[in-house]
Amino acid sequence: MPNREVDEEKRATLRRFAALGAASPLAGLASGTAAADSETTSDARDAIVGFVASAPGAHFSKIRDDLQLGTGETQHHLRNLVEEGVLDSRRDGDYKRFFPAGRFSAFEQTALGYLRRRTPRGMLIELLRNPDATGADLAAHLDVSRATVSGYARELDEAGLLSREDGYAVERPETLLVLVVRYADSFGADAVALADETDSLVRYDP
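Attention here is on the structure that accompanies the text.

The rules behind each value
- Residues numbered from 1 in each chain as written.
- Predicted model: local features only at pLDDT ≥ 70, side-chain atom pairs only at ≥ 80, totals over all residues.
- Heavy atoms only, no water.
- Axes fitted to C-alpha atoms, helices over the stretch in contact; angles between N-to-C directions.
- Helix = DSSP H or I, 4+ residues; strand = E, 2+ residues; numbered from the N terminus.
- Parallel < 35°, antiparallel > 145°, perpendicular 65-115°, else oblique.
- Contact = heavy atoms within 4.5 Å.
- Nonpolar A, V, L, I, M, F, W, Y, C, P; charged D, E, K, R; others polar.
- 1 Å grid on protein atoms, 1.4 Å probe; cavity = no way out; pocket = protein on both sides within 12 Å on 5 of 7 lines; lining within 4 Å.
- Points joined across faces, edges and corners; volume = space filled by probe spheres on them.

For the rest of this paragraph, the subject is the packing of helix H7 (residues 118-129) against helix H9 (residues 146-158). At a minimum axis separation of 10 Å, H7 and H9 run at an interaxial angle of 80°. Between H7 and H9, the angle is such that the two are roughly perpendicular. Residues Thr-119, Pro-120, Met-123 and Leu-124 of H7 pack against Thr-148, Val-149, Tyr-152, Ala-153 and Leu-156 of H9. Residue composition of the contact of H7 with H9, grouped by class: seven nonpolar, two polar and no charged.

A separate point is the layout of surface pockets. In this structure, the second largest pocket spans a volume of roughly 190 Å³. Taken together, 13 residues line the second largest pocket, and the ones lying closest to its centre are Phe-51, Lys-62, Asp-66, Arg-116 and Ser-186. Looking at the lining of the second largest pocket, the elements with two or more residues in it are helix H3 (39-54), helix H4 (60-67) and helix H11 (184-187). Here the residues of the lining of the second largest pocket sort into five nonpolar, three polar and five charged.

With that out of the way, let us pick up the environment of Ala-184. Considering the arrangement of structural elements, one finds Ala-184 in helix H11. Considering only alpha carbons, one finds Ala-184 and Ala-195, 11 residues apart in sequence, at a separation of 6.8 Å. With residues up to four places along the chain from it excluded, the contact list for Ala-184 reads Ala-191, Val-192 and Ala-195.

Written out as structure tokens, the structure is:
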């Protein structure tokens, strides 16, 4: 016998994100082929669009789990939404990440992918806050080994997000800061804290 409380929680989650999806500029595309589908199917499609709009760069498992959808159901809707040009997808190692179609450059998609990973996000956020931070500083701040920081620094360098020529320096920091601030709630407490400090980080210097 299904758990009524869990089912109602799932429906409430779907409706909340479906409202975001319905308000998206891509809503017409998202709902076009779903018009003849059931209300639940339409809610699921709109919820996926809304979820990806609020958390661009989310991977398959995150979308499935947070929306409490089945694996096959999630695969079906994501495949259709990509084919219909509503969402873009990008391979990121073992993950496939999803974005609202046509909204982000390749650099921004790469950045969002790394911002959705705890340690790289922590490194980038700390370097945005403290550009003089060393590898040892980052390791201590994130409570990880120096080797872990070095490994991710190499990845971020190869991805074009970090320069290691003279210490560690974030590439295109303004773009990274905008992404962190705009989607802070979907990244977590470290991003929210940085967003709260934005006024002190951005200075007008005519």
